[in-house]
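The primary structure of each chain is shown beneath.
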Amino acid sequence: MEFVKKLQESIEKHTDHNALCINNELYTYKQFAIEISKIRLEIANNIKDSEKLVGLVTNDDLQTYASILALWLEGKAYVPVNPTTPLERNIKIFELTETKYIIDSSEDSIYKKDYKVLNSASLSETEVSLTPKFVKGDQIAYILFTSGTTGLPKGVPITFNNINALVNAIDEEPEFNLVPSDRCLQMFELTFDFSVVTYLFPFLSGSCIYTIPKGAIKYFYIFKLIKEQKLTVLTMVPSIINYLRPYFSEINAPDVRYCSFGGGALHSDIAKEWSDCLPNCKIFNYYGPTEFTVYSGFYPYNKKTHVKNHNGIVAIGTPQKDTVYLIVNENNEEVDKNVTGELCLGGPQITPGYWKNIKRNAQSFFTQTDKNGKKIRFYKTGDLCFKDEEGDFLYVGRADFQVKIRGYRVELAEIEFHAKTKSEKKVNMVALDITNSLGNAELGLAIESEVFDTEEIFNYMKTKMPGYMIPMHVRFIKEFPHSINGKIDRKELRTYFEIK
Amino acid sequence: MNKEEIFSKIKEAFITVLEHDNFQLKEETTAEDVDGWESITHMMIITEIEKSFGIKFKLMDLMNMNNVGDLVRTIEAEL
């Protein structure tokens, strides 16, 4: 596999360069190579060739990153689970993927009772060996799980071919070139697909990534890294700068060369102010869902020359190499320019389909023949967009009840499902996204009832869903407002949540 | 304003943001000791404290704040 080979070459070429900075400790590519080799040998010695999906507990350490590369060199996929996510949800993920083996760098793994656990932190020395095994392109490289409407997380498998296509597309882009001296922010959980671009591209270029220790106040730690480590490349979700906005006047970071946004709508007013803090920086507004291997295209925002937006949301621009954007109506027929419809994505980065979910796959994917008679398979993103006269795509809103919380996709229906399951009172509950004064979305739970104690419901939800999915605000409303056609009026319901 | 008053005002800010009062604030209290105190709520608590004390923190101070004691000292310096 081409990109795995390139990773090998980069690691071997940049041995003296720093690869990772974790909790103020620097690790060189040489140390990284040793760690990868140790883990890879352990995998080869202990995991059967037929076992392709391997669990990975995403601690913030050298071993966890090395495990990803070790698995790829061995032609296997990682199934990441976050140690702070409820155990029950993680075990569900391992059940769904029939994972038997788990790599865990924790001192005492909580999985060792029911799974075969490889402890990646206590392996003996071995020779460096980074030559990849042969792997077929349609084999899976990782599976990530996102929120699902029925209470079950939804698996998105991404193949080696998918990643290879992503690497090819970014390589084609002349505006974005990492060099070995770059210091890159890696602020994402490894269970979040945005993390793939924040470790993969730096490793391919011999650059160094800087992670955020678990438990640190993310926003201030990022600023600390920018200031003290003089980061040159930032990849972030827009909510980060929303929270830092009150302090923009104190931020001046001339070393930053690139700042890429993704995982949520970027607003043009804040983009302009942020760009004032980074005087020598190119800003990219990336678009792309997990189902299409992180990125599918971008808009090169520039406060002077490129400020295209719709209702204040910066344009998502054009598709990258080999990717096709199609905007369709309810019958999956292409609509005209300037007409809003659902954005669909086609090309080599498209996932083979949701993990063991025939029903969902029938809804979310379709095949169409283009004018040259070529069959293209499309993924329906659920994002409403239109294409303007110049060929740029602009984001309008969502077609369903999926919301973004700090970059994470959340199905409001999943929250309602878990809240109602545990409630003894059978009352109506609606989960809502509410915008706080800094412009970020927070979750609220509206309950149609007299006030009652929700502690048990919340304790239950905390065992079922990751922290970002737990509503931060609760309101009891005696009778929900309804629109004229009898539906619950969500817009009106939001006004009950006056939050600061 | 004495320390006690500062502590009590800080506690109010925590309650407003976290929507519960199931915690004790001491000098050595950190985010790990209080349910719901994490990156996001921290930002909201900071904003709430700025409002109630009528002060504006500096990013440099916020960057090196590790526990409630640090928070109190920064507030004292600003008052």
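Remember, predicted model here, so these are calculated numbers, not experimental data.

What counts, and at which threshold
- Residues numbered from 1 in each chain as written.
- Chains lettered and ligands numbered in written order.
- Predicted model: local features only at pLDDT ≥ 70, side-chain atom pairs only at ≥ 80, totals over all residues.
- UniProt positions renumbered as here; feature names shortened; annotations may be inferred.
- Helix = DSSP H or I, 4+ residues; strand = E, 2+ residues; numbered from the N terminus.
- Axes fitted to C-alpha atoms, helices over the stretch in contact; angles between N-to-C directions.
- Parallel < 35°, antiparallel > 145°, perpendicular 65-115°, else oblique.
- Contact = placed C-beta atoms within 7 Å.
- Nonpolar A, V, L, I, M, F, W, Y, C, P; charged D, E, K, R; others polar.
- Left-handed = near helix turned anticlockwise from the far one by under 90°.
- Buried ≥ 20, exposed ≤ 12 C-beta atoms within 10 Å, placed from the backbone.

### A look at the UniProt feature "domain: AMP-dependent synthetase/ligase" (unreviewed entry) in chain A
The positions that UniProt labels "domain: AMP-dependent synthetase/ligase" (unreviewed entry) are, in the present scheme, residues 7-355 of chain A. Each end of residues 7-355 of chain A is marked by a C-alpha atom, and these two atoms are 27 Å apart; helix forms 29% of the span and strand 24%.

### Let's talk about the packing of helix H1 (residues 2-13) of chain A against helix H6 (residues 194-205) of chain A
Residue and element names in this part refer to chain A. Taken N-terminus to C-terminus, the directions of H1 and H6 make an angle of 55°; their axes are 7 Å apart at the nearest point. What the angle tells us is that H1 and H6 run oblique. On H6, the residues that touch Lys6, Leu7 and Ser10 of H1 are Phe203, Leu204 and Ser205.

### Quick word on the interface of chain B and chain A
In this complex, chain B contributes 11 residues to the contact, which on the side of chain A involves 13 residues. Going through the elements one at a time, helix H2 (39-53) and helix H3 (59-63) of chain B are the ones with two or more residues in the side of chain B that touches chain A. The element best represented in the side of chain B that touches chain A is H2 of chain B, accounting for 4 residues. Tallied by class, the residues present in the side of chain B that touches chain A amount to 5 nonpolar, 2 polar and 4 charged.

### Quick word on the packing of helix H2 (residues 29-46) of chain A against helix H3 (residues 62-73) of chain A
Residue and element names in this part refer to chain A. Contact pair H2 / H3: the axes reach a minimum separation of 8 Å and the direction vectors enclose 55°. The orientation of H2 with respect to H3, classified from their angle, is oblique. Of the two possible hands of crossing, H2 and H3 adopt the one that is right-handed. When H2 is examined against H3, the residues Phe32, Glu35, Ile36, Ile39, Arg40 and Ile43 are found in contact with a partner set consisting of Leu62, Gln63, Ala66, Ser67, Leu69, Ala70, Leu71 and Leu73.

### Notes on the environment of Gln31 of chain A
Mapped onto the elements, Gln31 of chain A comes out in helix H2. Placed 43 residues apart in sequence, Gln31 of chain A and Glu74 of chain A show a C-alpha to C-alpha distance of 19 Å.

### Considerations on unusual backbone geometry
The residue Asn24 of chain A is not glycine, and still its phi comes out positive at about 70°. Its location among the elements puts Asn24 of chain A in the loop between strand E1 (18-22) and strand E2 (25-28). A positive phi angle is found at Glu19 of chain B, which is not glycine, with a value near 60°. One can find Glu19 of chain B in the loop between helix H1 (3-18) and H2. On the neighbour-count criterion, Glu19 of chain B (13 C-beta atoms within 10 Å) is partly exposed.

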